[in-house]
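Coordinates in review
Residues per chain, in single letters:
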Amino acid sequence: MTGNGHMRVAAAVMAASFWTWAPAQAQEPIKLGFAGALSGPASFVGVEIKRGAEIAIDEINAKGGIGGRKLVLVSRDDEHNPVKTVAQYRELVEREKAVAIVGATNSASMLAVAPIVNDTLNVPVICPATDATAITENDAQKQGRDNYLFRVGMYGTGQANFMVDTMVKKFGHTKVGLLTWTGGWGVTGRGELQRRLRENGLAPVADETFDNNDTDMTPQIIKLKNAGAQSILNYALVRENTFVVQTKEKLRDNTPYVSAWGIAGPAFWKAAGAAGEGVLTSTTVTIDGPQPPERMTFVNEYRRRHNQDMDAAVFAIGAYDAVYLFKAAIERDGVEPQKIRAALENIPEFKGLVKHFTRPVFTRDRHNAVTEEDMVMTRWTNGKMLEVKFDAKGPHVEIDAQTKKYLDRSNMTLL
Amino acid sequence: MRPGARSRAAGTLAAARAALAGIRSTRMYFFFQVALSGVATGAIYGLIAVGYSLTFMTTKALNFALGMWVMLGGMLTYSLIVLHAFHPLTALPIVVSALFALGIVAERFSVMPFLRAGSDVWVMSTLAVGFLMIDLAEIVWGRSPTPVPPLLGKNPIYIGPAAVLPQQLLIVGAACVTFIALDLFYRRTLLGKAFRAVAHSGETSGLMGINTRRVQAVSYAAATALAGFAGFLVVPLTLAEPQLGTVLGLKAFAIAIIAGLAAPRGILVCGLAYGALEALISGYFYTGIRDILGFSLMIAALFLKPEGLFGKPLEERA
Amino acid sequence: MTERSVPWLVGPTLAALIILPIFVQGTYYRFLGIVIFIYGIVAVGLNILAGYAGQFSLGHAALMAVGAYTTALLTKALAPLPFFAATGLHIWFGLVAGTLVAAAFGALLAVPALRVRGPYLAMVTIAFGWVIFKVLQEWVSVTGGDLGLSSIPKAQLGRYLFDTGSFYYVVLGFFVATLMLQHRLVNSDFGLRIIAIKHSEIAVSAVGINVYRLKVLVFVISAAFAGFGGTLFAHQQNYVSPDNFQFFSSVFFLLAVLFGGAGTLMGPVVGAAVLTILPEILQEFDKFRLIIYGCFILLTLYFLPNGVMGLLAVRSIRAPGPEKGPTLVDATSPNKPAKIVGVGLQLNNIFKSFGGLQALRDVNLRVEPSTIHALIGPNGAGKTTLINVATGFYPLDSGEMVINGHTTTLRSMHDAARQGIVRTFQTIKLFGNMTVLEHVLVGCARHSRSGYFDAIMGRKSARDEAARNLANARELISFVGLARYENVPANSLAYGHRRLLEIARALAVRPQLLLLDEPAAGLVAEEIHTLGRIIRQLKASGITVVLVEHHMELVISISDRVTVLDYGVVIADGPPAAIQRDERVIAAYLGTPHAAA
C-alpha cells in the first residue's frame, strides 16, 4: 500500500469514530447527571455519592416518580481529573440531556466546571462533597447573574470558621497550630484557617504541611510541640491522617487534634484504629450516637443493598438530600433546568437527612445549605463519631442515651 | 575475645550510650529524631532500589513497575496476616515465593519478548504490567487503605531520646542483612558469578555454557521477590492499599540511579542517606521541596556521573 | 524509511473535518475534536522523537504543562490591559511564549539526558515529569497549587472571542500545519539523519554529524510541539491544574505514538484519535480502566509492534534497477572520486588501556600521505582499538597524534570526520532499511551548507544543494558498483554489497584519510578483487588509506607499507615483502617451533 493507503485508513478511522454515535434522542425519564471519581484513590467519595443518590432515586420512583416520570441517574467516572469532568458535564447536558447534576468529588473539578455551567450549560448542580468556597461564590454570583452551583456539604469558609471558633471560643485555646495537606483542598483550607485565626486576633504558632507521600510526620509533630500548640488544626484525608495519628502515638504526643471533614467516616477508624481515639472532626452530620429515625432508615437501606456500612456517610447523605431537593424544585416549577435553578432558591422548608431545615434551604445570596450554625464537632470515640456538646460543666460526648463523658480540654481524653 | 578487647568494647558501648543520653538539648534531639525516622524510610528505598539493579545488570532493562510489585507483596501480606490469620513467619515465605513465581511469568511475557537490541519498548511493557497490577489490586482488595499489625508491636524503642518503631528497626536490619547476603551471593556462589558474567556480556556468558536466558529470568524474579519482601516489611508502617507502591518505586528508582545501577553495594548507603536527607529537609525547611530536590538531584547525578556515585565509568566498544 | 507521497486523499478528509461539525448540534463533538487535535499535535512531536529518532520520552505531559501554564500566566496578566483587550494579541503572544518556554525546558532536559546511552532518557524524563508536577503543586502563589489556574482568557482576535465552535477551526488549522511540518521535517535531510541515528548512532557520528547536538535538537523540537499543544489546551479549557499533566498522560502519549505507528506520518494522529475516543466509549468499564490500558499496551507491543499505520504501510520494495553502466569499476571508469589531497598520519607513543587490559603499548605509526598503509596482526592485537583511537572514538591515555604535521586531539568521531578522517567498521553499521541512496546522502551531511530551516522552507539554495548532493551520491554509488541497487533497502543487500555501501557512505564525507576496518571480511574472492581495485583507485585520487586486514594476499598486493601489531605492541613495520619474511611476524601468527626435546 502506498502513502495514499495511510490516509484512507486514517480517514476511515476518524470518520467511523465520529459517525458511530448519533445524537441521543430525548428519553421519557428525567435524567440526573453525576460525574465524579469512581476509580482511583478518591473513589470512595464518588461511590458514596452515587449510592446515596441511587437510594433516593429508587425511593422516589417506587412512589411513582415525579409527575409520573421516573428519575434516572446517568453517571460517569471522571477519575478525579478536572479535564474529564468538564468533558463529561458537556456530554451529560448536551448528549444525555440531564436536567440537573449532582456535584463531583474534586474541588478542582468543580472549580473548572463552574464557569461553563453558569455560562453555557445552564443546568443546576448541587455539590454534596466539594468544599472550596469559590465553587458557590463564583463569578456569576459576584456579578449578580444566575448562579447554577449549590452546595449541601461543608463549605470552606464556614468549616474553617467553625473549626477555629470551636477551639478558640469554646475550648479557650489561644495557641493553635496548623498541619495541612499540600493537595488542593489542604491549600484552600490552610488559607481559610489562617484567615479565621487572624479575625480572632491570633496567628498560628506553627504552620506545617505534608504531601501525599509522607508516611512519617515526625518533623512536623515535633515542631508543633516545640511551638507549644494547644491544639492542631488539620485539613487532610483518611490516609494522611492515619500517618499523623500513628506518628503522634509513636512520639507519645497528646496535643488535641482537630480535622476537617476529610476523616468523617468509618474509613478513618478502619485505617487508624485506636490511634485515632480522641481526634475531633467537624462535619455536617454523624450517624453515630442517638439518631433520628429517617437517618436510621437510610443507614439500614444502605446496609441492605451493599452489605457493608458506609465508608463516608456524609457524602451519601448529602447526595440523598440533593436528589430530594431537586425533586422539591421540579415539583414546584417543572423540569426545565433554568426553572429548577430558580425554584431551588425558593424552598422555604425541607426535611433533609443532613438536617431539618426550618428556614429557606438556599436563597439568592446564599447557595450553601449548611452554615456554621448547622455544623457539628464530633470526637472519635471507640470507633464512633460522637457529637461534642457543651453544657455548664464543659464539653462532653454522649456514649448512649444515659451516659455522658466529659472531656479534658488539654488532651481530649474522657474523664 | 581477649579480656582487654572485651572491656574496651564494653567501654565504647557505654560511652556511646552516655553520648546519646546526653542529647537532651532540643536542637540535637530534633535532628536525631528526624534523621532516625528518615533512615528507616531510606532502608525501604534501598531494599526496593536493589531490585532495579538486579534486573538491569542482567538484562539491561528495568522493571519500571517495581513499586507495584512492592504493593502486591504488601497486599498479599495483608490478606494472609489480617484476613486469614497466618502467622507472619509463615506468611513471609509464601509472599516471597509467590512473587518469585509471578516474576518468572511476568518476565517471560512482558520483558523477554521485548529485549531486542536498540529498542526501549520494555519500558512500556513493564509499565503495562504495573497498571494491570494496580487495577487488579483495587478490584480484589478494594480501594480503602487498611492497616496491618506491625510484627513486633507498637511500643516505640528509644535510642537515646529518640523514638523509633520496632518495625522501622526491623526494616533497617533486614535491609543490611539482605545487602550482605547479596554481596556474598555475587562473590561466593556459582550462580552469583554467573549473574555477574551475564551482566558483563550475555553473549560471552552463553558461549561459556551459562544459560543466559535462565539467569535473566531468575534475576528478574529475584528482584520481584525482593520487592515482595520489601512490601511485607513496609506495609505495617504505611497502610495496605493499591496506590502504595507508585511513589515508593519512583524514589527507589532515583536512588538506584544516583548510586549506580550496576553498583548494588552503594545502593543501601545511598538509600539510607536519601531517606535521612528527605526527613531533614522536611524538618528544617519545607516538605514541599523535598521531592523536587531529590529528583533534581537524580537528574544532576545522571548528567555528572551517569554510572552512579559508586559505579564504574561506562565504556563503549565500536 | 521515508514516506514521500503526499496523498491526494488529504483533501477530502480535510473537507470532511471542516464540514461535518456544521451538521452536528451542541459543543460536545467540537470539543472532543479539539481535544483530539491537541493530543495529536503533542503526539506528532513525540513521534518525531520516539518514532523517528528512537528516543523514548515519558515526560511529554510535563512539557505540555509548561506550555499551558506559561500561556495561562502571561495571558491572565496581560488581559486586563486595554491594548490587549482590544487586539487579543496576548493570546498569540501566549501561544508563542508557551512553545518557546517548553522548548527551553526541553533543551534543559535533553542536554544532560542525552549525554548517555540506553534508557537513561526515559528515566530522566520521568524524573522531570515528577519535578514539574511537584513544582506546579507547591508553588501555590504562582501556579495556584493543586487547584490550578482558572479564568484563563479565551482565544481572541481583535475583539472577537472564539467560542468552542470557532476555536475548533483554529485548532484544526494548527493541527494541519503541524502535520505538514512533520511531513517536511521527515522528508528532509533532517529526517534522514534522525532515522539513521535510530539505527546506529556510531555510524552517524563517523560521517561527521554531531549526534549529540542533533538528538538535543530533535528533543527541543519535540518539546516545542508539546508546549504548543499545551498552550492550545489552556485556552480551550480555560483552566489548568497539575492533575491534567500527570505521569499517566505521558504514558498515554507514548502509547498513542506506538499504537498509531511510531515513525509513520499518520501514526500519531490515529493513535491520539483512538485513545481519546476509547474512554468515551468504555464509560461503563471505569473500574477496569487501568487493566484496559495495560492490556492495550501489551497487545500493541505484541501484535502491532509497528503500530496500526506501520502494519498498513508495507514499504514497496523496489527491485534492483536495470544495469546502469559498468558494474565493475575499472581504471578507465569515468566514475572516480575527485582529486583529494591526502594527509599523513603519525601516531607517537600511543598508550591505551581498559581497566587492567593494556590494549596499546607505546605504539608508533607513520602513514605517508596518499599511500595505502596496512595494519595487520593476530586477533586481539589491538588493531581496531588503534583505529578507534585514531578516529577519536576512544581518548588515548598518553601519546600524541599528528595529522599532516599538526598535533591534534580528537574529541569524537564526528570531530575526526570534520578533519577529514573517516572510517568504516569491522561489524558493518548500516541504517536498517534505508535505501542505498539514502545512506550515502547521510554521508553528504558533512559538506552540506544549508540548514534545516532553509530545507523545510524550501529555499532555493537548499534545493540546489539537495540536487548537488543527489548527483554526488549517485556518482559514488556508481563508483563502488552499486548503481543498480540505488533504491534497494540496505538490509536486503548481499553481504559484500553492504561493505561496499559503507565505503560509499564514507566517501561521501570526502575523507583525506580513510581507515578501513577489515573490509574484506566475509567477501568471496571476486569481491576481494573488486575491493582491491577500489582501494587502489582511492589512492590514485589522493586519499590516504589505512587498511586493517587479515587477507594476506590483498594486503601484500596493494599495500605500500605494513605495520604489524601483536598484544598491543608494534612488532614489525616495513614494506610488504619484508614483513612477509619477518620471523617475529611469522611467530606471532603461527607460533614458534618447539625446541627439540
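Residues numbered from 1 in each chain as written. Chains lettered and ligands numbered in written order. Predicted model: local features only at pLDDT ≥ 70, side-chain atom pairs only at ≥ 80, totals over all residues.

Counting its secondary structure elements, chain A contains 13 helices and 16 strands. The C-alpha radius of gyration of chain A comes to 23 Å, within 12% of the 22 Å expected for a compact globule of 415 residues. Each principal axis of the C-alpha atoms in chain A carries an extent, and together these give about 75 × 60 × 45 Å. For chain A, contacts bridging at least 24 residues in sequence account for 71% of all contacts bridging at least 6. (Helix = DSSP H or I, 4+ residues; strand = E, 2+ residues; numbered from the N terminus. Rg over C-alpha atoms; globule rule 2.2 N^0.38 Å. Contact = placed C-beta atoms within 7 Å.)

Here we take up the overall build of chain B. Across its full length, chain B carries twelve helices and two strands. The helix and strand sequence of chain B, counted from the amino end, reads α-α-α-α-α-β-β-α-α-α-α-α-α-α. On C-alpha atoms alone, chain B measures out to a radius of gyration of 21 Å, which is about the 20 Å that the 2.2 N^0.38 rule sets for 318 residues. The principal-axis extent of the C-alpha atoms belonging to chain B is close to 60 × 50 × 45 Å. A total of 318 residues make up chain B; the buried ones form 53% of that total. (Buried ≥ 20, exposed ≤ 12 C-beta atoms within 10 Å, placed from the backbone.)

The next subject is the packing of helix α5 (residues 89-113) of chain C against helix α6 (residues 120-138) of chain C. Residue and element names in this part refer to chain C. Direction vectors running N to C along α5 and α6 enclose 140°, while the axes themselves pass 10 Å from each other. Between α5 and α6, the angle is such that the two are oblique. Along this stretch, α5 crosses α6, giving a crossing that reads as right-handed. Contact with α5, carried on its side by L109, P112 and A113, involves Y120, L121, V124, T125 and F128 of α6 and no other residues of that element. (Axes fitted to C-alpha atoms, helices over the stretch in contact; angles between N-to-C directions. Parallel < 35°, antiparallel > 145°, perpendicular 65-115°, else oblique. Left-handed = near helix turned anticlockwise from the far one by under 90°.)

Looking now at the environment of B:D291. Take B:D291: it is sitting in helix α12 (residues 289-304). Classification of B:D291 as buried rests on a count of 25 C-beta atoms within 10 Å. On a C-alpha basis, the gap between B:D291 and B:E278 in space is 7.9 Å, while along the polypeptide they are 13 residues apart. Every residue in contact with B:D291, bar those within four places of it in the chain, is listed here: C:W130 and C:K134.

Our next topic: the sheet that holds strand β6 (residues 357-367) of chain C. Residue and element names in this part refer to chain C. Overall, antiparallel pairing links the four strands, which are arranged β6-β5-β8-β9 in an open sheet. Taken across any chain shown, the strands that pair with only one partner, and hence form the sheet edges, are β6 and β9 (406-408). Averaged over all neighbouring strand pairs, the angle between strand axes comes to 30°, with direction disregarded. The sheet contact formed by strand β5 (residues 345-354) and β6 spans seven bridges and is antiparallel. Bridge pairing links I350 to V363 in β6. (Pairing = 2+ DSSP bridges.)

Before going further, it helps to spend a moment on the packing of helix α2 (residues 28-52) of chain C against helix α13 (residues 267-281) of chain C. All names here are of chain C. Closest axis-to-axis distance for the α2/α13 pair is 8 Å, and the angle between their directions is 135°. When the interaxial angle is binned, α2 and α13 end up oblique. Considering the relative orientation of α2 and α13, their crossing is right-handed. Residue-level inspection shows V35, I36, Y39, G40, A43, V44, L46, N47 and G51 of α2 in contact with α13, the latter providing G267, P268, V269, G271, A272, A273 and T276. Per-class residue counts for the contact of α2 with α13 are ten nonpolar, six polar and no charged. (Nonpolar A, V, L, I, M, F, W, Y, C, P; charged D, E, K, R; others polar.)

Quick look at the sheet that holds strand β7 (residues 206-210) of chain A now. Residue and element names in this part refer to chain A. With mixed pairing, nine strands are arranged side by side in an open sheet as β7-β6-β8-β9-β10-β13-β14-β15-β16. Here the strands that pair on one side only, and so sit at the sheet edges, are β7 and β16 (404-406). Adjacent strand axes in the sheet meet at a mean angle of 30°, parallel and antiparallel pairs treated alike. The pairing of strand β8 (residues 231-235) with strand β9 (residues 257-259) spans three bridges and is parallel. Within β9, the position partnered with N234 by the bridge is S259. The strands that helix α8 (residues 218-226) touches are β6 (176-181), β7 and β8; relative to β7, the one it contacts most, it runs at about 170°.

On to the interface of chain A and chain B. Each partner contributes to the interface: chain A provides 25 residues, whereas chain B provides 24 residues. Looking at the side of chain A that touches chain B, the elements with two or more residues in it are α2 (43-62), β7, α8, α9 (238-250) and α10 (266-272) of chain A. When its residues are assigned to classes, the side of chain A that touches chain B shows nine nonpolar, nine polar and seven charged.

Residue and element names in this part refer to chain C. Here five bridges tie strand β13 (residues 561-566) to strand β14 (residues 569-574), and the two strands are oriented antiparallel to one another. Following the sheet pairing, L565 is matched in β14 by V570. From the end of β13 to the start of β14, which pair antiparallel, there are two residues, and Y567 there has a positive phi angle of about 50°.

Residue and element names in this part refer to chain A. Assigned domains of chain A: these are domain 1 (30-154 + 293-371) and domain 2 (157-283 + 382-406). Just the C-alpha atoms count here: the centres of domain 1 and domain 2 sit 28 Å apart. Of all the elements in the fold, those that place two or more residues in the side of domain 1 that touches domain 2 are α4 (107-121) and α12 (313-333). Class assignment for the residues of the side of domain 1 that touches domain 2 results in eight nonpolar, four polar and three charged. (Domains from an automatic or database assignment.)

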